[in-house]
Amino acid sequence: MFALLARTAVRSSALARRHLTKFSKDHEWVKIDQGVGTVGITNYAQSALGDIVYVEIPKAGEEVTPEEPVGVVESVKSTSDIFSPLSGTIVEANPAVLENSKILNKLPETDGWLFKVKISNPAEIEELLDLAAYKKLTEDEDH
């Protein structure tokens, strides 16, 4: 019973937060608003990739989990998988990044968002990094 109440409390508090931004160790960001996460790659990721020439993202209706790649970003330097930081159902894909992949280099953390996911497991939010932890991760990777 207590475990059920604890899970319900985590779910309620995590989803009730407005505009909570978290980061994955795979260099995706997710802005959470009312149970929907808007996902993109971080500025650090786009900088490491270099000039992005192609992007593939999931379509609305697809089910995603953090363990499975959901898309690809190709640059002049390399190809990198895209992961959803959270489990759920894709509710929207950003057509602007499909039409012009360069938006990911110019505005990766705003207009260059990739997709929106209706969150099915709010407990996963607590496993993501806050800004301070993400900055530490990137500093450690640079050294």
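Residues numbered from 1 in each chain as written. Predicted model: local features only at pLDDT ≥ 70, side-chain atom pairs only at ≥ 80, totals over all residues. Heavy atoms only, no water.

1. Overview of unusual backbone geometry
For His27, which is not a glycine, the phi torsion comes out positive at approximately 75 degrees. Its place among the elements puts His27 in the loop between β1 (18-23) and β2 (28-33). A residue is classified by how much of its surface remains accessible, and His27, at 12% relative accessible area, is buried. One non-glycine residue with positive phi stands out, namely Gln34, at about 55 degrees. In this fold, Gln34 is placed in the loop between β2 and β3 (36-41). (Helix = DSSP H or I, 4+ residues; strand = E, 2+ residues; numbered from the N terminus. Buried < 20%, exposed > 50% of the residue type's maximum accessible area, 1.4 Å probe, protein only.)

2. Some words on helix α5 (residues 131-142)
With 12 residues, α5 should reach 16 Å at 1.5 Å per residue; the first-to-last C-alpha distance of 17 Å fits that figure. Between the side-chain oxygen of the N-cap and the backbone nitrogen of Ala132 there are 3.3 Å, and the N-cap of α5 in question is Asp130. (Expected span 1.5 Å × (residues − 1). Polar contact = N/O pair within 3.5 Å; in protein donor to acceptor, adjacent residues only side chain to side chain.)

3. A short note on the layout of surface pockets
Over the atoms rolls a probe the size of a water molecule, and its path tells where empty space is left. Here the largest pocket defines a volume of roughly 210 Å³. Every residue lining the largest pocket is counted, 14 residues in all, and those nearest its centre are Ser24, Pro66, Pro85, Glu127 and Leu128. The class makeup of the residues in the lining of the largest pocket is 6 nonpolar, 2 polar and 6 charged. (1 Å grid on protein atoms, 1.4 Å probe; cavity = no way out; pocket = protein on both sides within 12 Å on 5 of 7 lines; lining within 4 Å. Points joined across faces, edges and corners; volume = space filled by probe spheres on them. Nonpolar A, V, L, I, M, F, W, Y, C, P; charged D, E, K, R; others polar.)

4. Observations regarding the side chain of Asn94
Within the secondary structure layout, Asn94 lies in the loop between β8 (88-93) and α3 (95-99). Judged by relative accessible area, which is 5%, Asn94 ranks as buried. A polar contact of 2.7 Å, which involves the side chain of Asn94, links it to the backbone oxygen of Trp113.

Read these as spatial facts, not as claims about activity.
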